[in-house]
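# Coordinate analysis (summary)
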Amino acid sequence: MTTSHSPAAASPSSSNGEYLSSLPRWRQFLLGACNTARHLGATLNWRRDPGYEQRINAKLIEIEQIKKETEKIKKETEQLRLENVKLRTLNAKTKTLLSYVDQHCFPPESNSAPIPPIETGSSS
């Protein structure tokens, strides 16, 4: 069993300039970015965020709940608006009826003097 090594591949242990110049430009960029990140004390984490989909799903559920609550509030607001119209109508009718009662049951007196109370037969 034999293994073959590519003679054109430069080893990372050779001088940095020769190694970088032998890499494609995109690899050079990535290597520079990694070195910069290491210099700044950070590491590039290319792993997938395991909680990302759960957070997205939770937000979507929350948005749906907000939409449902908004629709419910719109329906309740419309119902209250209709009830207010009915109450205004009833209040107007009540005022009209009360004015009729005042006119017919309590006519204005021509004499403004109060009527004296009727005395009963007992005196002290």
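The structure presented is a predicted model; accordingly, all values stated were derived computationally and were not measured. (Residues numbered from 1 in each chain as written. Predicted model: local features only at pLDDT ≥ 70, side-chain atom pairs only at ≥ 80, totals over all residues. Heavy atoms only, no water.)

## Examining the overall build of the protein chain
Assigned secondary structure in the protein chain consists of three helices and zero strands. Element order for the protein chain, N to C, with α for helix and β for strand: α-α-α. Put simply, the protein chain has 124 residues, and 3% of those count as buried. For the protein chain, the exposed surface amounts to about 12,400 Å²; the carbon and sulfur share of it is 60%. (Helix = DSSP H or I, 4+ residues; strand = E, 2+ residues; numbered from the N terminus. Buried < 20%, exposed > 50% of the residue type's maximum accessible area, 1.4 Å probe, protein only. Areas by Shrake-Rupley, 256 points an atom, 1.4 Å probe, with all protein chains shown as cover.)

## What to know about the pattern of salt bridges
In total, this model carries four salt bridges according to the counting rule given. Put simply, lysine 74 and glutamate 71 hold a salt bridge, and the shortest N to O gap is 3.9 Å. Linking lysine 74 with glutamate 71, this pair stays in helix H3 (residues 52-105), spanning three residues, or about one helical turn. Among the residues examined, glutamate 71 registers a relative accessible area of 43% and is labelled partly exposed. Among the salt bridges present, the one from glutamate 78 reaches arginine 81, with a minimum N-O distance of 2.7 Å. Here the residue glutamate 78 and the residue arginine 81 both occupy positions in helix H3, the gap between them amounting to three residues, near one helical turn. Residue class for glutamate 78 comes out partly exposed when judged on its relative accessible area of 36%. (Salt bridge = Lys/Arg side-chain N within 4 Å of Asp/Glu carboxyl O.)

## Thoughts on the confidence of the model for the protein chain
Averaged over every residue, the pLDDT of the protein chain is 77; the share at 70 or more is 65%. Model confidence for the protein chain, summarised as mean pLDDT per element, is weakest for helix H1 (residues 16-22) at 72 and strongest for H3 at 94. Predicted confidence is poor over residues 1-11, with pLDDT under 50, and the contacts of this stretch with residues over four places away or in other chains come to three contacts. (pLDDT = per-residue confidence, 0-100. Contact = heavy atoms within 4.5 Å.)

## Some points on a nonpolar patch on the surface
Together, Tyr52, Ile56, Leu60 and Ile63 make up a nonpolar patch on the protein surface, roughly 380 Å² of accessible area in all. The class for isoleucine 56 is partly exposed, based on a relative accessible area of 36%. (Patch = residues over 30% accessible without salt bridge, like charges linked within 9 Å, V, L, I, M, F, W, Y side chains within 5 Å.)

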